[in-house]
Amino acid sequence: MAEEESNKVVEGTKDVPPEEKSVIPQPPAEEKAEDCAAPPAVVDKPEIGEDQKKPESSTDRDAMLERVATEKRLCFIKAWEENAKSKAENKAQKKLSAVGTWENTKQASLEAELKKIEEQLEKKKSEYIEKTKNKVALVHKEAQERRAIIEAKRGEELLKAEETSAKCRASGTVPKKLLGLF
């Protein structure tokens, strides 16, 4: 009994004349992938006048179905193309991001190394400055000692000259070395 009802339903749909429903073709290949996802719209036509053609022949229907199948295939191809492009963009973006991360990591490590070298150079510089200042201080100290020795000798020679002149005055004799001319 269920089969009879389904046959009646199937027979009832076969009785619908093709001029009451028609397929509206979509524009070719200029449409977007979102438009391709929806199947072609089926719209009830208003009553057909005598001046309009009736697609009664099977070749017209076959041509229409072929056009729909072609459009569907083109939509699938376009969707696949969009998907492939999207995957390629995502892959490239991921690789670019990885390269950027690598670059930032390398720059950070090189900057840290540079800072370490600068600190070592600053430390060596301060050590050299300290050594140089110590050398300057030693030179100053030695110069002071030499000045003190020279002053002491000068004082001794002056004292010796005064003693010799006092002796010569007391004895009335002339010194042996007269002003170092002879």
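Peer 1: Quick question: what am I supposed to make of the overall build of the protein here?
Peer 2: When helices and strands are counted, the protein shows three helices and two strands. Shown N-terminal to C-terminal, the secondary structure of the protein runs as helices and strands in the order α-β-α-β-α. Looking at the protein as a whole, 3% of its 182 residues qualify as buried. Taking contacts inside the protein between residues at least 6 apart in sequence as the whole, the part at least 24 apart equals 51%. Total accessible area on the protein stands at roughly 17100 Å², and carbon and sulfur atoms take up 58% of it.

Peer 1: What should I look at first to understand the pattern of salt bridges in this one?
Peer 2: A side chain with one charge may pair with a side chain of the opposite charge, provided their charged atoms come close. Across all of its chains, the model carries three salt bridges by this definition. The partner of Arg146 in a salt bridge is Glu142, with the nearest N and O atoms 2.9 Å apart. Of this pair, Arg146 and Glu142 both sit in helix H3 (residues 58-171), separated by four residues, roughly a single helical turn. The class for Arg146 is exposed, based on a relative accessible area of 54%. In this structure, Glu151 and Arg154 form a salt bridge, with 3.4 Å as the shortest nitrogen-oxygen distance. With Glu151 and Arg154 both in helix H3, this residue pair falls three residues apart, about one helical turn. According to the relative accessible area criterion, Arg154 is partly exposed, its value standing at 47%.

Peer 1: Help me understand the confidence of the model for the protein, please; the structure alone is not making it clear to me.
Peer 2: Do not read the predicted coordinates in detail wherever pLDDT is low. With 66% of its residues at a pLDDT of 70 or more, the protein has an overall mean of 79. Averaged pLDDT values over the elements of the protein bottom out at 47 in helix H1 (residues 2-14) and peak at 95 in H3. Here residues 1-21 is modelled with pLDDT under 50, and outside its nearest four sequence neighbours on either side it reaches ten contacts, counting other chains as well. Considering only residues more than four positions removed or in separate chains, one finds that residues 29-34, a stretch of pLDDT under 50, has nine contacts.

Peer 1: Please clarify how H3 should be interpreted in this entry.
Peer 2: Residue pairs three or four apart in sequence face the same way in an α-helix, which turns once every 3.6 residues. Over its 114 residues, H3 runs 166 Å from end to end, which matches the ideal 170 Å to within 8%, given 1.5 Å per residue. Regarding H3, the residues found buried are Glu71, Cys75 and Cys168. Looking at the residues trailing H3, positive phi occurs at Gly172, about 80°.

Procedures and definitions
Residues numbered from 1 in each chain as written. Predicted model: local features only at pLDDT ≥ 70, side-chain atom pairs only at ≥ 80, totals over all residues. Heavy atoms only, no water. Helix = DSSP H or I, 4+ residues; strand = E, 2+ residues; numbered from the N terminus. Buried < 20%, exposed > 50% of the residue type's maximum accessible area, 1.4 Å probe, protein only. Contact = heavy atoms within 4.5 Å. Areas by Shrake-Rupley, 256 points an atom, 1.4 Å probe, with all protein chains shown as cover. Salt bridge = Lys/Arg side-chain N within 4 Å of Asp/Glu carboxyl O. pLDDT = per-residue confidence, 0-100. Expected span 1.5 Å × (residues − 1).

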